[in-house]
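For reference, the chains in residue letters:
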Amino acid sequence: MLAIVAICRNEADNIPRLNASIAALKAYVSFPVQTIFVDSASTDNSRELAAQEFDTVIELEESEHLSASAGRFAGTLEARYPWIFYLDADMEVSHEFFHVLENLDKLPADSIGVIGLYIHR
């Protein structure tokens, strides 16, 4: 039902917090959640940390075209579900946002999208 695409470049320090927030969301909702991690040529151990929790890890090579949108595109191609939730690896899914997603499986098939809130802490 929901694919989470997290894009990253050298975010090893933030990935455990991201992983914990995604695990909490997966425990909260009653539908399947696919997790996709797109690494943009990190030089730290981001990929290894992500591989511990994410269903899929995609590695993008260093390139002059490397960008956040390239990461989102690569993740979108891998997504199996109709709803895609994009995150940067230095973000986390807030518990206040869980209720927005809990009824995702009940939305009409022709729905366009959902926009959530952003809390900067």
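Residues numbered from 1 in each chain as written. Predicted model: local features only at pLDDT ≥ 70, side-chain atom pairs only at ≥ 80, totals over all residues. Heavy atoms only, no water.

(A) Representation of the environment of Trp 83 in the model. Topologically, Trp 83 is positioned in strand β4 (residues 83–88). Sequence-wise, Trp 83 and Leu 60 are 23 residues apart; in three dimensions their C-alpha atoms are separated by 23 Å. (Helix = DSSP H or I, 4+ residues; strand = E, 2+ residues; numbered from the N terminus.)

(B) Region of interest: the pattern of salt bridges. Tallied over the entire structure, the rule returns four salt bridges. The partner of Glu 59 in a salt bridge is Arg 47, with the nearest N and O atoms 3.4 Å apart. Taken together, the residues span a long stretch of sequence, with Glu 59 in strand β3 (residues 56–60) and Arg 47 in helix α2 (residues 46–51) at a distance of 12 residues. On the basis of relative accessibility, which here comes to 54%, the residue Glu 59 falls in the exposed class. Counted as one network, the salt bridges with shared partners bring together Asp 39, Arg 47 and Glu 59. (Salt bridge = Lys/Arg side-chain N within 4 Å of Asp/Glu carboxyl O. Buried < 20%, exposed > 50% of the residue type's maximum accessible area, 1.4 Å probe, protein only.)

(C) Region of the structure containing helix α3 (residues 68–78). Listed as buried for α3 are Gly 71, Ala 74 and Gly 75. One side of α3 carries all its buried residues, which in axial view fall inside an arc of 95°. Exposed residues lying more than 90 degrees from the buried face of α3 are Phe 73 and Leu 77. Those residues of α3 that are buried are in contact with β1 (2–8), β2 (33–40) and β3. (Arc of directions from axis to C-beta. Contact = heavy atoms within 4.5 Å.)

(D) Focus on the environment of Gly 75. Relative to the helices and strands, Gly 75 is located in helix α3. Gly 75 gets classed as buried once you look at its relative accessible area, which sits at 0%. Put simply, Gly 75 and Ala 6 are 69 residues apart on the chain and 7.9 Å apart in space, counted from C-alpha to C-alpha. Contact partners of Gly 75, with chain neighbours within four places excluded, come to Val 5, Ile 36, Val 38 and Ile 58.

(E) Structural context of the pairing of β3. Burial along β3 is one-sided: Thr 56, Ile 58 and Leu 60 are buried, while Val 57 and Glu 59, pointing the other way, are not. Bridge analysis of β2 against β3 gives five bridges, and the strand direction is parallel. Among the inter-strand pairings, Ile 36 is bridged to a residue of β3, identified as Thr 56. (Pairing = 2+ DSSP bridges.)

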